[in-house]
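Residue-level listing of the chains:
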Amino acid sequence: MTARPPFTATVLTMFPEAFPGPLGVSLIGTAWREKGLWSLETLDIRAFSDDRRGFLDDTPAGGGPGAVLKADVVARALDSLPGPKRPLLYMSARGRPLTQARVKEWAKADGIVVLCGRFEGVDQRVLDARGFEEVSVGDAVLAGGEAAAMVAIEACVRLVPGVLGSGESLSSESFEDGLLEYPQYTRPRTFEGLGIPEVLLSGDHKKVARWRQEQREITTRERRPDLWAARNAKD
């Protein structure tokens, strides 16, 4: 049986020097550099400009401020990639929200290709022609897609088998069943007059599990009423 190749994240960016950033540290960095459980590639889209000065943007059609990344330049960069087809993500403030459900689907693939925009964005034609999925990491506008790309990549890579330790810890995290995670505590027993909830020190595993579930429900109702409503709609 042929072993599956490592999950490969390829980033199309004007600033490859921004990577690996936080992707190169801690368990995720070790899984990449030392264990080979996943790989990170960057592709400088400037190299695919047919302009002798390296320009890869132009003024917006219809007028307006700023510049737009050209469709042909992005297409040449993308089409240069070898190997099997992978999900194509374009990090965009107008995209659909990044969700754990989507991340779990992407993590099942051989990897992902992430396009980082700049300026006013990317010519819509290349997004449509190549089948990019526009993804947002929050209701805020960033200067470029590099930071957002790191968020999407980390969310996927941590689900790759062997990258993180316990599969049990993954199953109890936020969003896995429509609820946010419960609060965590550790020593010292008292911090600035605040103690650890007694139930967590009781040794009664059933009571602890019940308390954690209650906390997940309370936190979700208070902080993410949209998740709470969606969960109740399924019941």
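Preceding this paragraph is the structure being described.
Below, the structure is looked at part by part. Remember, it's a predicted structure, so these values are computed and weren't measured experimentally.

Let's talk about the layout of surface pockets
Computed from the structure, the largest pocket encloses a volume of approximately 590 Å³. Those elements giving two or more residues to the lining of the largest pocket turn out to be helix H3 (100-107) and helix H8 (225-234). Grouping the constituent residues of the lining of the largest pocket by class yields 8 nonpolar, 4 polar and 8 charged. Put simply, the second largest pocket is a space of about 460 Å³.

Digging into the packing of aromatic side chains
Under the defined criterion, the tally for this structure stands at 2 aromatic pairs. Their ring planes at 45° and their centres at 5.7 Å tell us that Trp32 and Trp38 sit as a pair that is tilted. The buried category is assigned to Trp38, whose relative accessible area is 1%. A centroid spacing of 6.5 Å and a plane angle of 55° characterise the contact between Tyr185 and Trp211, whose relative ring orientation is tilted. Of this pair, Tyr185 sits in the loop between helix H6 (167-171) and strand E8 (190-191) while Trp211 sits in helix H7 (residues 205-223), placing them 26 residues apart in sequence. For Tyr185, a relative accessible area of 42% puts it in the partly exposed group.

Digging into the sheet that holds strand E7 (residues 133-136)
Taking strand neighbours across the sheet as the criterion, the 5 strands line up as E2-E1-E6-E5-E7 in an open arrangement whose pairing is parallel. A strand with exactly one partner marks an edge of an open sheet, and here the two such strands are strand E2 (38-44) and E7. Averaged over all pairs of adjacent strands, the angle between their axes in this sheet comes to 35°, without regard to strand direction.

What about H7?
Under the 1.5 Å per step criterion, the end-to-end length of H7 is 27 Å for 19 residues, consistent within 8% with the ideal 27 Å. Within H7, the full set of buried residues consists of Val208, Trp211, Gln215, Arg216, Thr219 and Thr220. Projected onto a plane normal to the axis of H7, the buried residues spread over an arc of 165° and lie on a single side. Between the side-chain oxygen of the N-cap and the backbone nitrogen of Lys206 there are 3.2 Å, and the N-cap of H7 in question is Asp204.

A look at the nonpolar core
The biggest cluster of nonpolar side chains holds 28 residues, and the ones touching the most others in it are Phe19, Trp38, Leu40, Leu89, Met91, Ile112 and Ile153. Of all the elements in the fold, those that place two or more residues in this core are strand E1 (7-13), helix H1 (26-33), E2, strand E5 (88-97), H3, strand E6 (111-116) and helix H5 (146-157). Here the element with the most residues in this core is H5; it accounts for 8 residues.

Quick notes on a nonpolar patch on the surface
Among the surface-exposed residues, Val137, Leu142 and Val151 lie close enough to one another that they form a single nonpolar patch of about 230 Å² accessible area. Looking at where Val137 falls in the secondary structure, it is placed in the loop between E7 and H5. Overall, Val137 belongs to the partly exposed group, its relative accessible area being 38%.

Conventions we followed
Residues numbered from 1 in each chain as written. Predicted model: local features only at pLDDT ≥ 70, side-chain atom pairs only at ≥ 80, totals over all residues. Heavy atoms only, no water. 1 Å grid on protein atoms, 1.4 Å probe; cavity = no way out; pocket = protein on both sides within 12 Å on 5 of 7 lines; lining within 4 Å. Points joined across faces, edges and corners; volume = space filled by probe spheres on them. Helix = DSSP H or I, 4+ residues; strand = E, 2+ residues; numbered from the N terminus. Nonpolar A, V, L, I, M, F, W, Y, C, P; charged D, E, K, R; others polar. Phe/Tyr/Trp six-rings, centres within 6.5 Å; stacked < 30°, edge-to-face > 60°. Buried < 20%, exposed > 50% of the residue type's maximum accessible area, 1.4 Å probe, protein only. Pairing = 2+ DSSP bridges. Axes fitted to C-alpha atoms, helices over the stretch in contact; angles between N-to-C directions. Expected span 1.5 Å × (residues − 1). Arc of directions from axis to C-beta. Polar contact = N/O pair within 3.5 Å; in protein donor to acceptor, adjacent residues only side chain to side chain. Core = buried A, V, L, I, M, F, W, Y, C linked by side-chain atoms within 4.5 Å. Patch = residues over 30% accessible without salt bridge, like charges linked within 9 Å, V, L, I, M, F, W, Y side chains within 5 Å. Areas by Shrake-Rupley, 256 points an atom, 1.4 Å probe, with all protein chains shown as cover. Salt bridge = Lys/Arg side-chain N within 4 Å of Asp/Glu carboxyl O.

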